[in-house]
Amino acid sequence: MNIVKIFFISLFLNIFIFISLSVSEIIKKIEINGNKRISSETILMFSKTNVGQNLKNTQINQILKDLYKSNFFNNISINFENNILLINVEEAPLIKDIKITGVKAKKYKDLIYKDMILKTRSSFNEILLLNEIKNIKLKLKKKGFYFAKVEPYMETFEDNLISIDFKINLGDKAKIRKISFIGDKIFKDKKLRSLIISEEYKFWKFISGKKFLQEDLIKIDERLLKNFYLNKGFYNVRINSSFAKLIDENEFELIFNIDPSDKIFFGDLKFILPSDFNEENYINLNKLLKELKNKPYSIYSIEKILDEINLITTTEEFKSVNAYTEENIVSNKLNIDFIINETEKIYIERINLFGNNITRESVIRNQLEIDEGDPYNEILAKKSENNLKNLNFFKSVKTNLTEGKNKNFKILNYEFEEKATGEITAGAGAGTEGGTLFFGVKENNYLGKGLGVNAEMTISAESLKGNFSITNPNYKNSDKSVFLDIKAEETDKLKDFGYKTSKTGFAMGTSFEYLDDLYFGLSASSFIEKMETDSTASDNQKKHAGNYWDTFLRLNFDYDKRNQKYKTTDGFRSIYRSDVPLISETNTLTNSYDYRSFNEFYENNVTSFSILLSNANSITGEDVKLSERLFIPSKKLRGFVNGKIGPKDGDDFIGGNYLAVINAQTNVPKIFENSQNLDAIIFLDAGSIWGVDYNSSLDDGGKLRSSIGFGIDWFTPIGPLNFTLSQAITKEDTDKKETFRFNLGTTF
């Protein structure tokens, strides 16, 4: 009986409460108190209420939430009695101004001010203030200031105004004391470290900013590492995490955790085309797909295939299309279908560019493969985006399509976030041949015009070289590079050879891709040269002393089939160069051919083979100047002292009119398999230099020189060190041998 009573009482109370909450009353009047700056109409708008509206008690909380969400008020109370809605508000202060103190560098101030949560002439809010402090610390952290302190100071004024001063103590930048790679990384730390941008802190690195812990750089490092593994066949590679471990007051260990997974090989590769496409246009591509079968997966190969598809589709088919891939892994084989779809024909009404505050619009539009009024082609739109990213002017490039004014018309929008494009570099080297100092300043987007400007100076024991160059990589949207170089150099060989030369002048020209991967260069150079001799010089050297003015036309053919320009592992490069005299006292014609091939015969191995052929002769029968005579580069013929082989005039090595060199080199990863910073190489060099045009009685020194040797590349705490031990196999009696050679380099 008691249970029944309790049940009915509970039921009655719940029904009563429900009815009382559900009953709504009509708002007959709304009174708003406490507002001075914000109008009653604005408050009513945010509250979403009006006179004559039915109001339930349950809606009052929602009104409070809506009013607080506006961030206009510090305190709000609401009362609804006798059909009168009473709203009492306490307005939040209005921000008069926002200051940043303690930060001197304009670039960091601009970074903090950009996209601030709190804004001048907006309402102040304590929660927004806390979020702003977190936001500022995050921005500074990305730039390496992991220990920055941010303290807000507020000053109140009449009319409920407030001024905010963020006092910031940046502290020291976080330094990278050590870079580590963990996981089943397969490759040595030395190899992986050479791929990334971040570098370890050393006290002499006073210029480089790469020694600081910066999130933006770490993200680039992760991408570089992932692309490297993808090009090596590790399709499922994961850079699981990159994190920094504090090991000292402001020094971190940067750790990359790498999981390469299994190596994947190309399986069946095929095209799926629309029925009305001409398959004959894709015959060469089908051959390429067959050649790739059973080879290790590589994003380089995939990109090459997609580029060819783009070219064929847009030049032969003239369709609105997009291309994508469907991939399926069976065991360790990756089967890929390259699918071409014809899309609905739409047109580009307009192309908008946003965020390019420095880079000029013409520079950006020169990179676009699609223009206003063209049919929209997703392939070309994506290629345009990649072209813009490859400029390396922008931190990010985003694209999106919006509706146009008319049917079947779209607006293509590009959004950019620009980044710094200049850099200062300095370095030093020491070795068997002496020391070298280097200093350079470079800007890749001068005045936002896309121009490359580079100034550099190199000092060694025998020479001083300076160079200033300006390059326009896409002159007047012609896909042709145009450059101007101004050079000055002095070479002092008085001690060893009895002469000194100085050259000052300029070169200007153009280069462009003439055929697929075949680049043609045409340039003209004009130099004033002064040659001095001393009493130790030979009669021939003294005969060449004086001033010269020479103008040459250079032809350059560069056929580049390397898989990558840096750390090449596969492919070849073939270069032919000819310097034709236009104005010259000696009329020396110089020709050279340089070929180098690369192969990866097994994991972690790179084997290279190279040939260098060159000749220098006067087309009018004159004697070639001393500075125009040929010498075998020291790196091409190890085991011999640089410049101390070949024809001699008395005690002087005078170089030759002809040279030929062959090199073969391979690394042996098994020798230092467990050492992360050491690599071993073996090599065989062979070459000859001959020809004395000014005196046929001299021995032309044409005997073959050859050497075999062993070398070590060691990544030391100072910088990369390499040394070789060489044994001459064949030589002339007058040649100077060099069994041991080393080179050590570092940057500042």
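Please refer to the structure higher up on the page.
So, how was this worked out
- Residues numbered from 1 in each chain as written.
- Predicted model: local features only at pLDDT ≥ 70, side-chain atom pairs only at ≥ 80, totals over all residues.
- Heavy atoms only, no water.
- Pairing = 2+ DSSP bridges.
- Helix = DSSP H or I, 4+ residues; strand = E, 2+ residues; numbered from the N terminus.
- Phe/Tyr/Trp six-rings, centres within 6.5 Å; stacked < 30°, edge-to-face > 60°.
- Buried < 20%, exposed > 50% of the residue type's maximum accessible area, 1.4 Å probe, protein only.
- Lys NZ or Arg CZ within 6 Å of the ring centre and 35° of its normal.
- 1 Å grid on protein atoms, 1.4 Å probe; cavity = no way out; pocket = protein on both sides within 12 Å on 5 of 7 lines; lining within 4 Å.
- Points joined across faces, edges and corners; volume = space filled by probe spheres on them.
- Nonpolar A, V, L, I, M, F, W, Y, C, P; charged D, E, K, R; others polar.
- Patch = residues over 30% accessible without salt bridge, like charges linked within 9 Å, V, L, I, M, F, W, Y side chains within 5 Å.
- Areas by Shrake-Rupley, 256 points an atom, 1.4 Å probe, with all protein chains shown as cover.
- Salt bridge = Lys/Arg side-chain N within 4 Å of Asp/Glu carboxyl O.
- Lys, Arg positive; Asp, Glu negative; His and termini not counted.
- Charge placed at Lys NZ, Arg CZ, Asp CG, Glu CD.
- Axes fitted to C-alpha atoms, helices over the stretch in contact; angles between N-to-C directions.

Okay, the pairing of strand β7 (residues 149-157) next. With nine bridges joining them, β7 and strand β8 (residues 161-169) adopt antiparallel strand pairing. Within β8, the residue paired with tyrosine 153 across the bridge is aspartate 165. Between β7 and β8, which pair antiparallel one after the other, the connecting turn spans three residues, and aspartate 159 there sits at a positive phi close to 65°.

Following the criterion strictly, the structure yields 26 aromatic pairs and no others. Here phenylalanine 266 and tyrosine 297 contribute two aromatic rings whose centre-to-centre distance is 5.5 Å and whose plane-to-plane angle is 55°, an arrangement assigned as tilted. Remark: tyrosine 297 occurs in the loop between α8 (283-292) and α9 (299-317) and phenylalanine 266 occurs in strand β12 (residues 265-272); sequence separation between them is 31 residues. Phenylalanine 266 gets classed as buried once you look at its relative accessible area, which sits at 0%. With relative accessibility at 7%, the residue tyrosine 297 sits in the buried group. Members of the aromatic cluster, joined through ring pairs, are Phe187, Phe228, Tyr229 and Phe234. In this arrangement the basic side chain of lysine 625 is found over the ring face of tyrosine 548, its NZ or CZ atom lying 4.7 Å from the centre. Positioned above the aromatic ring of phenylalanine 653 is the side chain of lysine 648, whose terminal nitrogen or guanidinium carbon lies 4.7 Å from the ring centre.

Right, let's get into empty space enclosed by the protein. Scanning the entire structure with this criterion turns up one cavity of 30 Å³ or more. There is about 80 Å³ of room inside the largest cavity. Taken together, the residues of the lining of the largest cavity sort by class into eight nonpolar, three polar and no charged.

Of the pockets and cavities examined, the second largest pocket occupies roughly 1100 Å³. Lining the second largest pocket are 35 residues; nearest its centre among them are Leu292, Lys295, Tyr300, Ser301 and Asp570. Elements that contribute at least two residues to the lining of the second largest pocket include exactly α7 (215-231), α8 and α9. No other element matches α9, which puts seven residues into the lining of the second largest pocket. Looking at the lining of the second largest pocket residue by residue, the class counts come to 13 nonpolar, 10 polar and 12 charged.

Taken together, the side chains of Glu433, Glu462, Glu490, Asp492 and Asp496 present a region of like negative charge at the surface. Tracing the chain through its elements places glutamate 433 in the loop between β18 (422-431) and β19 (434-446).

A few words now on the sheet that holds strand β16 (residues 394-403). Here we have three strands laid out as an open sheet, ordered β15-β17-β16, and mixed in their pairing. Single-partner strands in this sheet number two, and they are β15 (347-354) and β16. Here the average twist between neighbouring strands, direction ignored, is 20°. Bridge count for β16 against strand β17 (residues 409-418) is nine bridges, and the pairing is antiparallel. Paired with asparagine 400 across the bridge in β17 is asparagine 413.

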